[in-house]
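Listed below, chain by chain, are the residues.
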Amino acid sequence: MKFTQPILPYAPDALSPIISPMTIEYHYGKHEKAYIDNLNRLIEGTQYADMPLERIIIESDGPLFNNASQAWNHIFYFFQFQPQGQKAPGGKLMAQIEKQFGSFEEFQKKMEEAGTSVFGSGWVWLANNIEGELEIIKASNAENPLTRGLNPILVFDVWEHAYYLDYQNRRPEYLKKLWNIIDWSVIESRYPF
Ligand code: MN
């Protein structure tokens, strides 16, 4: 299966000033494109050639895992944004957040703290287990909760390439501002309860 890079569902300047058009151009246009190109090159003529991307992530390691997971992670990251989107969770997801974290604000604080404390390059994920319980996961490099049997529903990219053009070394500020462009209707649709 040859993977293609999906077109973003918003204009390159739609997330500005939280994520600038230049960051979209480099982060999505160049970094994400490179992961997908590498993935296609690495699977060609191998046992992975016809696998769905999620299965490649679970079954591979080394450079193939890194590129497959990064290809998936970035699509997941960029497709959760919409400046006019739903600003907070509702329904069962909100009930679960309040049950486990006390409040939406407390949950946001925990995500920001986790993202700030990832050492080096990585991600901070919100994922659920089979019972619907939520977990905040600090991940290094390309790590993805799919490999732990968890279902990812929200992610913040904390690689420097995600924020350096817009925030330089101010990762906590970048994390705090991301809440303004998360579309919670997308996150709710990823939570199967
Ligand atoms: Mn990235």
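A short tour of the structure in this document, coming up. (Residues numbered from 1 in each chain as written. Predicted model: local features only at pLDDT ≥ 70, side-chain atom pairs only at ≥ 80, totals over all residues. Heavy atoms only, no water.)

## Let's talk about the packing of helix α6 (residues 160-167) against helix α7 (residues 171-178)
If you want to describe how two helices pack, look at the angle between their axes and the distance between the axes.
Link 1 in the chain: Two elements in contact, α6 and α7, have axes whose closest approach is 10 Å; the angle formed by their N-to-C orientations is 95 degrees. As summarised for this structure, α6 and α7 are arranged roughly perpendicular, according to the angle between their axes. Across the interface between the two elements, Ala162, Tyr163 and Tyr167 of α6 pack against Arg171, Glu173, Tyr174 and Lys177 of α7.
Link 2 in the chain: Here the residues of the contact of α6 with α7 sort into 4 nonpolar, no polar and 3 charged. (Axes fitted to C-alpha atoms, helices over the stretch in contact; angles between N-to-C directions. Helix = DSSP H or I, 4+ residues; strand = E, 2+ residues; numbered from the N terminus. Parallel < 35°, antiparallel > 145°, perpendicular 65-115°, else oblique. Contact = heavy atoms within 4.5 Å. Nonpolar A, V, L, I, M, F, W, Y, C, P; charged D, E, K, R; others polar.)

## Examining the nonpolar core
Link 1 in the chain: Core analysis: the largest hydrophobic core is formed by 64 residues, its most contacted members being Tyr77, Phe107, Leu154 and Trp184.
Link 2 in the chain: The biggest single contributor to this core is helix α3 (residues 62-78), with 8 residues.
Link 3 in the chain: Each of domain 1 (21-78) and domain 2 (91-190) accounts for three or more of the residues forming this core.
Link 4 in the chain: Leaving out residues up to four positions away in the same chain, tyrosine 77 has contacts with Ile19, His27, Trp123, Val155, Phe156, Asp157, Ala162, Tyr174 and Leu178. (Core = buried A, V, L, I, M, F, W, Y, C linked by side-chain atoms within 4.5 Å. Buried < 20%, exposed > 50% of the residue type's maximum accessible area, 1.4 Å probe, protein only. Domains from an automatic or database assignment.)

## Observations concerning the sheet that holds strand β2 (residues 134-140)
Link 1 in the chain: Overall, antiparallel pairing links the 3 strands, which are arranged β2-β1-β3 in an open sheet. Of all the strands in the sheet, the pair left with one neighbour each is β2 and β3 (151-157). Looking at each pair of strands side by side, their axes are set apart by 25 degrees on average, direction ignored.
Link 2 in the chain: Judged from the 6 bridges that link them, strand β1 (residues 122-128) and β3 form a sheet pairing that is antiparallel. The residue of β3 that forms the bridge with tryptophan 123 is aspartate 157. (Pairing = 2+ DSSP bridges.)

## Digging into the side chain of glutamine 70
Link 1 in the chain: Among the secondary structure elements, glutamine 70 is positioned in helix α3.
Link 2 in the chain: Engagement of the side chain of glutamine 70 in a polar contact is seen with the side chain of tyrosine 35, the distance being 3.1 Å.
Link 3 in the chain: Once residues within four sequence positions are removed from consideration, glutamine 70 is found in contact with Glu32, Tyr35, Phe65, Trp123, Asn141, Ala142 and Trp159. (Polar contact = N/O pair within 3.5 Å; in protein donor to acceptor, adjacent residues only side chain to side chain.)

## With respect to the coordination of the manganese ion
Link 1 in the chain: Protein coordination at the manganese ion comes from His27 (NE2), His74 (NE2), Asp157 (OD) and His161 (NE2), with a distance range of 2.0 to 2.1 Å.
Link 2 in the chain: All donors of the manganese ion come from a single chain, and their spacing in sequence reads H-x46-H-x82-D-x3-H. Residue histidine 74 is found in helix α3, and its partner aspartate 157 is found in strand β3; the two are separated by 83 residues along the sequence.
Link 3 in the chain: The class for histidine 74 is buried, based on a relative accessible area of 0%. (Donors = N, O, S within 2.8 Å, 3.2 Å for Na, K, Ca; no water.)

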